[in-house]
Amino acid sequence: MREVEWSPLPPRVLELPEMVDACRARDFGVVFKLAQRAGLYPSRLARLCEMTPSRVSEVIAGKRVLSQIGVIERIADGIGIPGAMLGLAARPWEADQDDVPVSATSATLGRPPVIDHQSSKPAFEVVLPMDDEALELKRELARASSADDSVARLYAKQIDTMRQMDRQMGAATVLPQLETQIAQMEDLLGFRTSPGGREPMAAALTEAATLAGWQALDLGLYQKAWKLHETAKSAARQSGSAALLAHAMGQQAYVLLDLGEAGQAVEQVRFARESAGGGLPPLMETWLFAAEAEAHAVAGHEALCRAGMDRADAARPADPADPALPFLFLGGSHLDRWRGNALATLGADEALEDLTASLASMDLSGFTRAEAGVRCDLAVVLARRGERDEAQRQALRAQDLAAMTSSVRQRRRIAQVLAATAA
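Residues numbered from 1 in each chain as written. Predicted model: local features only at pLDDT ≥ 70, side-chain atom pairs only at ≥ 80, totals over all residues. Heavy atoms only, no water.

*Asks:* Where do I start with unusual backbone geometry in this structure?
*Replies:* Glycine aside, a negative phi is what most residues show, and trans is what most peptide bonds show. One non-glycine residue with positive phi stands out, namely E50, at about 55°. In this structure, E50 sits in the loop between α4 (42–49) and α5 (53–60). The exposure class assigned to E50 is partly exposed, which follows from its relative accessible area of 46%. The phi dihedral of S406 is positive, around 55°, even though this residue is not glycine. (Helix = DSSP H or I, 4+ residues; strand = E, 2+ residues; numbered from the N terminus. Buried < 20%, exposed > 50% of the residue type's maximum accessible area, 1.4 Å probe, protein only.)

What follows is the structure in structure tokens.
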């Protein structure tokens, strides 16, 4: 008789490319999330893996990394992950035992099967304690059902606060908290049974994931940035908001820019704008025109860049503040700053005038990262003009500001500018 294989995780989950990659990298945050989607909730995972529920939650939220071999082995045994997937030796329960039955009793629930060498028949096999699991699922469903629009509004307020903290203090401070909120909102949407009333929570999740995606990019975490934008796009489709979807798609193009794929970035931003079919708010159109122009600048398309910036300026509404789009800041000299950045990328001397004017006129309080970007752009232009002392002064100030926000992305660029001014 062939051994009966036992595993809380079904083969279809173990064979997922995301699961294979996560196991290879020992990224147990992803492993636990995939297990959770398969029906193993944190409390159940904790019992199976001999961990505390709070520790499991910390792993899922990215606040804790598991690296001890003993813990990894408990996870492999607890949820039935073959040792090879985690870089371990084959687990004892993986051995191919022909003609050996399996017995499982209430004493062995949550552990790999015990081989019964004495019996020629398999003892009864107990699967999972459905009473406990069913009760936990009912609690999750009830919690999701009770999360009305007011809960979504509370999340939106928290996200706005984190957005302000991000601008001033940087991504390293905010991203872990934001990821925890994203996981919570994903659960609330995933366990919501009613097809209606999902839009407000989906909109809040979109904003959170888009902001987190930008923060991950700022920290140089490219894969995480891409995946968070994918989460944002999926949530945006559930929200029914063309503007949120366009913003998530357009911002994701910056990952492509940082990877040196300027042509693909141009196409993605353009698709984000055109796929909305002209139904976007003027402020969002302004942002997309400017983002596409920046991508053209990186690609070296000067005429298209200048035309795009002109279209952005023409589309900008008289009142560049839209309560429905609190994540867009294009008032005052912010659009001029963006134009200056694009022109600096192209190597145009006129960028100096735009950047100097924007630095003098824009309200930089609370925009630490933005000021660092302006000063770095100024340093690029000044160095190109041969004004090395002033270029170095601006770059050093930008370096100090980038250190305040822990921006890996900006510090890399500033280091290049400082190297150029020192040459």
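*Asks:* Help me understand the environment of S145, please; the structure alone is not making it clear to me.
*Replies:* In this structure, S145 sits in helix α7 (residues 130–146). Look at S145 and you get partly exposed, because its relative accessible area is 46%. Considered as a pair, S145 and F191 are 46 residues apart in the sequence and their alpha carbons are 7.9 Å apart.

*Asks:* Where do I start with the packing of aromatic side chains in this structure?
*Replies:* Within this structure, the stated rule accounts for three aromatic pairs. Arranged with centres 5.5 Å apart and planes meeting at 80°, the rings of W214 and Y254 form a pair that is edge-to-face. Of this pair, W214 sits in helix α10 (residues 199–218) while Y254 sits in helix α12 (residues 242–258), placing them 40 residues apart in sequence. (Phe/Tyr/Trp six-rings, centres within 6.5 Å; stacked < 30°, edge-to-face > 60°.)

*Asks:* For this particular structure, what's the right way to read helix α8 (residues 149–169)?
*Replies:* Since the α-helix turns once every 3.6 residues, residues separated by three or four places project in the same direction. Over its 21 residues, α8 runs 30 Å from end to end, which matches the ideal 30 Å to within 8%, given 1.5 Å per residue. If you check which residues of α8 are buried, you get A152, Y155, I159, M162, R163, D166 and R167. Projected down its long axis, α8 shows its buried positions confined to an angular sector of 135°, all on one face. Counted as exposed and oriented over 90 degrees from the buried face of α8: R153, L154 and K157. Looking at the buried side of α8, the elements it contacts are α9 (171–190), α10, α18 (368–384) and α19 (388–405). One or two residues past the end of α8 sits G170, with phi positive at roughly 100°. (Expected span 1.5 Å × (residues − 1). Arc of directions from axis to C-beta. Contact = heavy atoms within 4.5 Å.)

*Asks:* Looking at this model, I keep getting lost on the pattern of salt bridges. Mind explaining?
*Replies:* Opposite charge on two side chains allows them to pair when their charged atoms are near. By the definition in use, this model includes 21 salt bridges. R143 serves as the salt-bridge partner of E140, at 3.2 Å between the closest nitrogen and oxygen. Here E140 and its partner R143 are both found in helix α7, three residues apart, which amounts to about one turn of the helix. When its relative accessible area of 13% is taken as the criterion, E140 is described as buried. Across the pair E302 and R306 runs a salt bridge whose closest N-O atoms are separated by 3.1 Å. In this pair, E302 and R306 both sit in helix α15 (residues 302–315), four residues apart, roughly one turn of the helix. Several salt bridges converge on common partners, so that one network encompasses E73, D77 and R91. (Salt bridge = Lys/Arg side-chain N within 4 Å of Asp/Glu carboxyl O.)

*Asks:* Would you mind showing me how to read the packing of α10 against helix α11 (residues 222–239) here?
*Replies:* Two quantities define a packed helix pair, namely the angle between the helix axes and the distance between the axes. Running from N to C, α10 and α11 point in directions that differ by 165°, and their axes come no closer than 7 Å. Viewed along their axes, α10 and α11 adopt a mutual orientation that is roughly antiparallel. Pair α10 / α11 crosses with left-handed handedness. Here E199, A202, A203, L205, T206, A209, T210, A212, G213, W214, A216 and L217 of α10 come into contact with α11, specifically with Y222, K224, A225, L228, H229, T231, A232, A235, A236, Q238 and S239. Counted by class, the contact of α10 with α11 contains 14 nonpolar, seven polar and two charged residues. (Axes fitted to C-alpha atoms, helices over the stretch in contact; angles between N-to-C directions. Parallel < 35°, antiparallel > 145°, perpendicular 65-115°, else oblique. Left-handed = near helix turned anticlockwise from the far one by under 90°. Nonpolar A, V, L, I, M, F, W, Y, C, P; charged D, E, K, R; others polar.)

*Asks:* Where do I start with the confidence of the model for the protein in this structure?
*Replies:* Low pLDDT means the predicted atomic positions in that stretch should not be read closely. A residue-level look at the protein finds 87% of positions with pLDDT of 70 or above and a mean pLDDT of 83. This stretch, residues 1–7, has a pLDDT under 50; its non-local contacts, to residues over four places away or in other chains, come to 32 contacts. Residue range residues 96–129 is modelled with pLDDT below 50. Its contacts to residues more than four positions away, or to other chains, number 64 contacts. (pLDDT = per-residue confidence, 0-100.)

*Asks:* Hey, could you run me through the nonpolar core in this one?
*Replies:* When a protein is soluble and globular, its nonpolar side chains tend to lie buried together. Counting residues in hydrophobic clusters, the biggest one holds 71 residues, and the most contacted among them are M185, M201, M284, W287, L288 and W338. Residues within four places of M284 in sequence aside, it is in contact with A243, H247, L325, F327 and L328. Formed by 29 residues, the second largest nonpolar core is a distinct cluster that contains V13, L14, L34 and I72. (Core = buried A, V, L, I, M, F, W, Y, C linked by side-chain atoms within 4.5 Å.)

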